[in-house]
Amino acid sequence: MIAVKAYYDGNAFIPIEKKSFKKNQQALIVIEETSVPPKKCRGIASEYANPSLVGKESEIAAETFSGK
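Remember, predicted model here, so these are calculated numbers, not experimental data. (Residues numbered from 1 in each chain as written. Predicted model: local features only at pLDDT ≥ 70, side-chain atom pairs only at ≥ 80, totals over all residues. Heavy atoms only, no water.)

The helix and strand tally for the chain stands at one helix and two strands. Element order for the chain, N to C, with α for helix and β for strand: β-β-α. Relative to its full complement of 68 residues, the chain shows a buried share of 3%. If you take every contact in the chain between residues at least 6 apart in sequence, the share linking residues at least 24 apart comes to 13%. With an accessible surface of roughly 6800 Å², the chain has 55% of that area assigned to carbon and sulfur atoms. (Helix = DSSP H or I, 4+ residues; strand = E, 2+ residues; numbered from the N terminus. Buried < 20%, exposed > 50% of the residue type's maximum accessible area, 1.4 Å probe, protein only. Contact = heavy atoms within 4.5 Å. Areas by Shrake-Rupley, 256 points an atom, 1.4 Å probe, with all protein chains shown as cover.)

Right, let's talk about a nonpolar patch on the surface for a bit. A cluster of nonpolar side chains, Tyr8, Phe13, Ile29, Ile31 and Phe65, forms an exposed patch at the surface whose accessible area comes to about 510 Å². What makes Ile31 exposed here is its relative accessible area of 54%. (Patch = residues over 30% accessible without salt bridge, like charges linked within 9 Å, V, L, I, M, F, W, Y side chains within 5 Å. Salt bridge = Lys/Arg side-chain N within 4 Å of Asp/Glu carboxyl O.)

Here Val30 shows up in the loop between strand S2 (13-15) and helix H1 (54-65). Taking C-alpha positions, Val30 is 10.0 Å from Ala3, a pair spaced 27 residues apart along the chain.

Turning next to the packing of aromatic side chains. Within the structure shown, the criterion is met by one aromatic pair. Here Tyr8 and Phe13 contribute two aromatic rings whose centre-to-centre distance is 5.0 Å and whose plane-to-plane angle is 50°, an arrangement assigned as tilted. Residue Tyr8 is classed as partly exposed on the basis of its relative accessible area of 31%. (Phe/Tyr/Trp six-rings, centres within 6.5 Å; stacked < 30°, edge-to-face > 60°.)

Checked against the element boundaries, Val4 lands in the segment before strand S1 (6-8). Not counting residues within four places of it along the chain, the set of residues in contact with Val4 comprises Pro15, Glu17, Lys19 and Phe21.

Here is the structure:
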(Lines give C-alpha, C1' and ligand atoms only; values in the text may rest on other atoms or scores of the structure.)
Protein backbone atom coordinates (compact mmCIF):
# COMPACT_ATOMS: atom_id res chain seq x y z
CA MET A 1 0.00 0.00 0.00
CA ILE A 2 1.20 3.51 -0.85
CA ALA A 3 0.18 6.73 0.93
CA VAL A 4 -0.21 9.73 -1.39
CA LYS A 5 -1.17 13.28 -0.42
CA ALA A 6 -3.70 14.85 -2.76
CA TYR A 7 -6.27 17.62 -2.99
CA TYR A 8 -9.77 17.63 -4.45
CA ASP A 9 -10.23 20.16 -7.28
CA GLY A 10 -14.01 19.85 -7.44
CA ASN A 11 -13.95 16.98 -9.94
CA ALA A 12 -11.13 14.63 -9.01
CA PHE A 13 -8.40 13.99 -6.46
CA ILE A 14 -5.10 15.38 -7.72
CA PRO A 15 -1.89 13.88 -6.24
CA ILE A 16 0.47 16.49 -4.80
CA GLU A 17 3.45 14.16 -5.13
CA LYS A 18 4.46 12.64 -8.46
CA LYS A 19 3.68 8.92 -8.41
CA SER A 20 3.09 6.36 -11.14
CA PHE A 21 -0.19 4.47 -11.13
CA LYS A 22 -1.52 1.68 -13.31
CA LYS A 23 -4.67 2.28 -15.34
CA ASN A 24 -7.76 1.16 -13.36
CA GLN A 25 -5.65 0.69 -10.21
CA GLN A 26 -7.89 0.69 -7.15
CA ALA A 27 -7.33 3.16 -4.33
CA LEU A 28 -8.59 3.74 -0.82
CA ILE A 29 -9.16 7.45 -0.15
CA VAL A 30 -9.24 8.80 3.40
CA ILE A 31 -10.41 12.40 3.68
CA GLU A 32 -8.86 14.78 6.23
CA GLU A 33 -11.11 17.31 7.92
CA THR A 34 -8.96 20.21 6.64
CA SER A 35 -9.36 21.95 3.30
CA VAL A 36 -7.95 24.70 1.12
CA PRO A 37 -9.63 28.04 1.86
CA PRO A 38 -12.43 28.61 -0.71
CA LYS A 39 -10.94 31.85 -2.04
CA LYS A 40 -7.66 30.16 -2.95
CA CYS A 41 -8.11 28.57 -6.38
CA ARG A 42 -5.45 26.44 -8.07
CA GLY A 43 -4.58 25.42 -11.58
CA ILE A 44 -4.54 27.13 -14.94
CA ALA A 45 -8.27 27.86 -14.79
CA SER A 46 -7.96 29.73 -11.47
CA GLU A 47 -8.19 33.14 -13.15
CA TYR A 48 -11.67 32.15 -14.38
CA ALA A 49 -12.77 30.44 -11.14
CA ASN A 50 -15.68 31.84 -9.18
CA PRO A 51 -14.98 31.25 -5.47
CA SER A 52 -18.65 31.85 -4.63
CA LEU A 53 -19.51 28.57 -6.40
CA VAL A 54 -17.29 26.41 -4.17
CA GLY A 55 -20.23 25.54 -1.90
CA LYS A 56 -22.39 24.50 -4.87
CA GLU A 57 -19.56 22.33 -6.24
CA SER A 58 -19.20 20.68 -2.84
CA GLU A 59 -22.94 19.90 -2.75
CA ILE A 60 -22.86 18.40 -6.25
CA ALA A 61 -19.78 16.35 -5.42
CA ALA A 62 -21.40 15.05 -2.21
CA GLU A 63 -24.53 14.02 -4.14
CA THR A 64 -22.45 12.41 -6.88
CA PHE A 65 -20.28 10.37 -4.53
CA SER A 66 -23.10 9.41 -2.14
CA GLY A 67 -24.55 7.00 -4.71
CA LYS A 68 -27.94 8.72 -4.95
